[in-house]
Amino acid sequence: MPNIKPISDLKNYTAIVNQISYGNRIYLTKNGLGMYALIDMKELDDLDKQKVLLQLMTKLNDSKRSVAEEGTVSIEELEAELGIRT
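Just so we're clear, the structure is a prediction, and the values are computed from it rather than from any experiment. (Residues numbered from 1 in each chain as written. Predicted model: local features only at pLDDT ≥ 70, side-chain atom pairs only at ≥ 80, totals over all residues. Heavy atoms only, no water.)

Peer 1: Could you give an account of the overall build of the protein chain, naming the residues involved and the relevant values?
Peer 2: Counting secondary structure elements, the protein chain contains three helices and three strands. Secondary structure elements in the protein chain, listed N-terminal to C-terminal, are β-α-β-β-α-α. Its C-alpha atoms give the protein chain a radius of gyration of 24 Å, clearly above 12 Å, the size a compact globule of 86 residues would have. Seen through its principal axes, the protein chain has C-alpha atoms that stretch 70 × 25 × 20 Å. Pairs at least 24 apart in sequence give 13% of the contacts found in the protein chain among residues at least 6 apart. For the protein chain, the exposed surface amounts to about 7,300 Å²; the carbon and sulfur share of it is 57%. Positive and negative side-chain charges in the protein chain, numbering 11 and 13 respectively, have mean positions lying 12 Å apart. (Helix = DSSP H or I, 4+ residues; strand = E, 2+ residues; numbered from the N terminus. Rg over C-alpha atoms; globule rule 2.2 N^0.38 Å. Contact = heavy atoms within 4.5 Å. Areas by Shrake-Rupley, 256 points an atom, 1.4 Å probe, with all protein chains shown as cover. Lys, Arg positive; Asp, Glu negative; His and termini not counted. Charge placed at Lys NZ, Arg CZ, Asp CG, Glu CD.)

Peer 1: Break down the sheet that holds strand S1 (residues 3-6) for me, citing the residues and quoting the values.
Peer 2: With mixed pairing, three strands are arranged side by side in an open sheet as S1-S2-S3. Only two strands of the sheet have a single neighbouring strand rather than two, namely S1 and strand S3 (33-38). Going from strand to strand, the sheet's axes swing by 35° on average, the running direction of each strand aside. For S1 and strand S2 (residues 26-30), the ladder comprises four bridges, and the chain directions are parallel. Bridge assignment links Pro6 to a residue of S2, and that residue is Thr29. (Pairing = 2+ DSSP bridges. Axes fitted to C-alpha atoms, helices over the stretch in contact; angles between N-to-C directions.)

Peer 1: Provide a residue-level description of the environment of Val17, including the pertinent values.
Peer 2: Mapped onto the fold, Val17 is located in helix H1 (residues 13-17). Considering only alpha carbons, one finds Val17 and Leu28, eleven residues apart in sequence, at a separation of 12 Å.

Peer 1: Describe the side chain of Glu43, naming the residues involved and giving the relevant values.
Peer 2: Mapped onto the secondary structure, Glu43 falls in helix H2 (residues 41-70). Judged by relative accessible area, Glu43 falls into the buried class, the value being 7%. Leaving out residues up to four positions away in the same chain, Glu43 has contacts with Ser21, Tyr22, Gly23, Asn24 and Arg25. (Buried < 20%, exposed > 50% of the residue type's maximum accessible area, 1.4 Å probe, protein only.)

Peer 1: Lay out the confidence of the model for the protein chain with the relevant residues and their values.
Peer 2: Fine structural detail should not be taken from predicted coordinates in areas where pLDDT scores are low. Predicted confidence across the protein chain gives a mean pLDDT of 94, with 99% of residues reaching 70 or more. Mean pLDDT values over the elements of the protein chain span from 91, in helix H3 (residues 75-82), up to 97, in H2. (pLDDT = per-residue confidence, 0-100.)

Peer 1: How would you explain the pairing of S3 if you had to name every residue and give the values?
Peer 2: Here S2 runs beside S3; their pairing, made up of five bridges, is antiparallel. Its bridge partner being in S3, Thr29 is matched across the sheet by Gly34. Counting the residues in the hairpin turn of S2 and S3 gives two residues, including Asn31, whose phi is positive at 55°.

See the structure below:
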């Protein structure tokens, strides 16, 4: 169950921060609307890693689709296109 508190509860900052742990975020509301979240740094790091992995997997899938649809070029064709001579 989400831990939702009004932002005014931050007056007692220490009590709020002591409730935060991995998987136990605190959501702060302002005028009854969700505005902020307090989250454990380890959990935030893990979420950032998952986001980067998802972006990488998306690019990899896009690349695989491109190769399947458009094919590839030989190294000689690539060097000629880039103006590189070996």
